[in-house]
Amino acid sequence: MLQLAASDLKRPTKGCLPTGHRKRIGVGACPITGMLSDGVSVSEAIEGANPFTRTEKVPTRFQYRRALEKLDIDAVEKDIKDLMHRNYSYWPNHGDYDHYGPFFIRLAWHCSGSYRASDGKGGCSGGRLRFEPERSWDDNTNLDKARTLLYPIKKKYGNALSWGDLYTFAGTAAIQDMGGPTKPFCFGRVDENSGRKSKILNEPCADSNAKKLPNGKCVGPWGTTTVGLIYVNPEGPIGADGKSRPDPKLSATDIKDAFGRMGLNAMETVALIGGGHAFGKVHGACSDHGPGDKPVAALKANSCSIWDGTCGGDGKGPNTVTSGFEGPWTNTPTQWGNDFFKGLLEDKWEKYHGPGGHYQWRTTDRASTRKDTMRLTSDMALLEDPAYKAMVDLFASDQGALDNAFAHAWTQLTEAGTKWSRAKKCQEIPTNSFSIGNGVGQAPTGWAAWMPQPAQ
Ligand code: HEM
């Protein structure tokens, strides 16, 4: 049975991790109160969504197949879309435009973006984001909350809805809910019972002569320059002194490298970055308070608090610290559109230190309609590479081109590395989708004709 430290018991509303990494604890043993939907308590959801043990029972392939055959896709879609518009005090969304959707898109992207084309490892299939090492990667800060919010839906659909499907579908449904384009989503990612297969993604990197390389300089087959990041350092590449260089040109080189290792071309890369950043915001309300302990550190410290930030007292809502950058990319962060690209071209941008103490970018015209939006150094990078810049120009002037490219690239991203169940099944027509031509069984039309064809 879980033994809590006295200090944990003094803080009944904080955190919820157990003391023993190897021990299983009783549901509700952590002193956290509150309920989520369907009568699921917050403490049950935290444990259910963030296993306190190294392995967890998953259905056999046969059991999964039988259950998946009966999955009611429309019902799952309705439940997830309903959840996005709720607001739980456990992780309130009043600082996030009253919508959990952007947070779920980040969950889906970070789960999928671990894929590396070099050997086909990584990706969201397997649902390993809930285990070590991935859940403690710096880039995955606070995603434990997204998994916890989704837990009641996992509990409701049980074996029929795998974790890998739940994470990727939550992001896809969020895009649909906010008016964005998607292709039909397919279910059938088979879960794994531990994070073992992600260990290879987490090893210190080395060159082809087995010479150890500093983190930040990893080369293929590593999927990214930096173990613990899904992609690149948002503030610019890390220099020899260990500090970020807020230089968009250097960042563009890193992006080409990292997204290339995910198997994505320039069109897909730019559509995903600027399309993804049509939604939501970056979180870095304070410079003197970090996001708190990552799961692995919390467990080691025998503490119940995962990423339990203290900015503004509670580290939640408008006080959230995740990446340490602050602000939205557009004035309509819960509405799909191409203003990310228009803003890049129509405004001039300057770097400054944001409230979280990191370099980020703002409009030089402080009276611009976009004066309250921001860009990361890695966003500014899209102007610096000729192939990327051509895509920025296209997407800023042609919303339909962005719709097509984004829908295609999102599917490619979220399906990368998947070994499907034989019972794989797909949404027939994604609700709220644009007419994107290359849906199931349809040939691409118009602009989309030159895009890579979907596998038939
Ligand atoms: C160079 C690549 C990228 C970089 C450096 C980057 C960086 C970041 C950072 C620093 C945050 C803030 C996290 C926080 O503080 O809450 C963020 C949020 C976000 N990113 Fe990206 N990102 C990249 C690509 C993408 C892609 C490909 C997508 C999806 C297609 C995406 C979707 C999002 C969304 C939706 C959010 C907002 C989350 C929220 O509002 O809670 N990003 N990104």
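As the structure is a prediction and not an experimental result, all values here were calculated from the model.

(A) Fine view of the overall build of the protein chain. For the protein chain, the helix and strand inventory stands at 15 helices and six strands. Counting the 456 residues in the protein chain, one finds 54% classified as buried. Within the protein chain, counting contacts between residues at least 6 apart in sequence, those at least 24 apart form 72% of the total.

(B) Representation of the confidence of the model for the protein chain in the model. Chain-level pLDDT for the protein chain is 86 on average; 84% of the residues reach the 70-or-more range. Note that pLDDT drops below 50 for residues 1-28; the model gives that stretch 59 contacts with residues more than four away or on any other chain.

(C) Just the packing of helix H10 (residues 266-276) against helix H14 (residues 386-397), in detail. Where H10 contacts H14, the axes come no closer than 9 Å and their chain directions differ by 55°. The orientation of H10 with respect to H14, classified from their angle, is oblique. Crossing of H10 against H14: the hand is right-handed. Two secondary-structure elements touch here, H10 through Ala266, Met267, Val270, Ala271 and Gly274 and H14 through Ala387, Tyr388, Met391, Val392 and Phe395.

(D) Broad picture of the site of the ligand. Around the ligand, 25 residues are found, and the nearest of them are Pro102, Gly276, Gly280, Thr322 and Ser323. For the shell around the ligand, the elements supplying multiple residues, two or more each, are helix H5 (101-112), H10 and strand E2 (281-282). Among the elements that take part in the shell around the ligand, H5 stands out by supplying five residues, more than any other. Its residues placed into classes, the shell around the ligand shows 14 nonpolar, eight polar and three charged.

(E) View of the pairing of strand E4 (residues 349-353). Pairing between E4 and strand E5 (residues 359-363): five bridges, direction antiparallel. Each bridged residue has a counterpart across the sheet, and for His353 the counterpart in E5 is Tyr359. Joining the antiparallel neighbours E4 and E5 is a turn of five residues, in which Gly357 adopts a positive phi near 85°.

(F) Representation of helix H4 (residues 73-84). Given a rise of 1.5 Å per residue, twelve residues ought to cover 16 Å, and the 17 Å separating the end C-alpha atoms of H4 matches this to within 8%. Those residues of H4 lying buried are Val76, Ile80, Leu83 and Met84. In an axial view of H4, the angular spread of the buried residues amounts to 105°, which keeps them on one side of the axis. Opposite the buried face of H4, by more than 90 degrees, sit the exposed residues Asp74, Ala75 and Asp82. In this structure, the buried side of H4 is in contact with H5, helix H6 (143-157) and helix H7 (163-177).

(G) Up close: helix H12 (residues 339-346). Among the residues of H12, Asp339, Phe340, Phe341, Gly343 and Leu344 are the ones counted as buried. Buried-residue contacts for H12 involve H10 and H14.

(H) Geometry of the nonpolar core. Within the largest apolar cluster, 89 residues are counted, with the highest numbers of intra-cluster contacts made by Phe104 and Ala170. In this structure Phe104 touches Met84, Ala146, Ala170, Gly171 and Ala174, once residues within four positions along its chain are discounted.

(I) Here's a closer look at the environment of Ser136. Looking at the secondary structure, you find Ser136 in the loop between H5 and H6. Separated by 158 residues in the primary sequence, Ser136 and Lys294 place their C-alpha atoms 5.4 Å from one another. Dropping the residues within four chain positions of it, Ser136 is found in contact with Lys294, Pro295 and Val296.

(J) Seen up close, unusual backbone geometry. Residue Pro133 is bonded to the preceding Glu132 through a cis peptide linkage, with omega at 0°. One non-glycine residue, Tyr97, lies in positive phi territory at about 60°. Position of Tyr97 among the secondary structure elements: in the loop between H4 and H5. One non-glycine residue, Asp98, lies in the positive phi region at around 55°. Since 13 C-beta atoms lie within 10 Å of it, Asp98 is described here as partly exposed.

Procedures and definitions
- Numbering of residues begins from 1 in every chain and follows the order in which that chain's sequence is written.
- Selection of residues for local features in this predicted model requires a pLDDT of at least 70, selection of side-chain atom pairs for listing and counting requires 80 or more, and totals for whole chains, interfaces and linings are taken over all residues.
- Secondary structure elements are defined from DSSP: runs of H or I of at least 4 residues count as helices, runs of E of at least 2 residues count as strands, and each element is numbered from the N terminus.
- Put simply, a residue is buried when 20 or more other C-beta atoms lie within 10 Å of its own C-beta and exposed when 12 or fewer do; between those, it is partly exposed, and each C-beta is set from the backbone.
- The contact rule is simple: place each C-beta atom from the backbone, and if two of them lie within 7 Å, those residues are in contact.
- Note: pLDDT gives the predictor's confidence per residue, expressed from 0 to 100.
- Every axis in this analysis is a line fitted to C-alpha atoms, fitted for helices over the stretch in contact. Angles between the N-to-C directions lie between 0 and 180 degrees.
- If an angle is under 35 degrees, it is roughly parallel; if it is over 145, roughly antiparallel; if it lies from 65 to 115, roughly perpendicular; otherwise it is oblique.
- Two helices crossing with the near one rotated counterclockwise from the far one by less than a right angle form a left-handed crossing, whereas a clockwise rotation gives a right-handed crossing.
- Residues are classed as near a molecule or strand if the C-beta position derived from their backbone is within 6 Å of it.
- In the scheme used here, Gly and all other residues not listed as nonpolar or charged are polar, with Ala, Val, Leu, Ile, Met, Phe, Trp, Tyr, Cys and Pro taken as nonpolar and Asp, Glu, Lys and Arg as charged.
- By this definition, two strands are paired if DSSP reports at least two bridges between them.
- Any helix carries an expected span of 1.5 Å times its number of residues minus one.
- Here, the arc refers to the directions that run from the helix axis to the C-beta atoms.
- The term nonpolar core means buried Ala, Val, Leu, Ile, Met, Phe, Trp, Tyr and Cys residues held together as one set by C-beta atoms within 7 Å.

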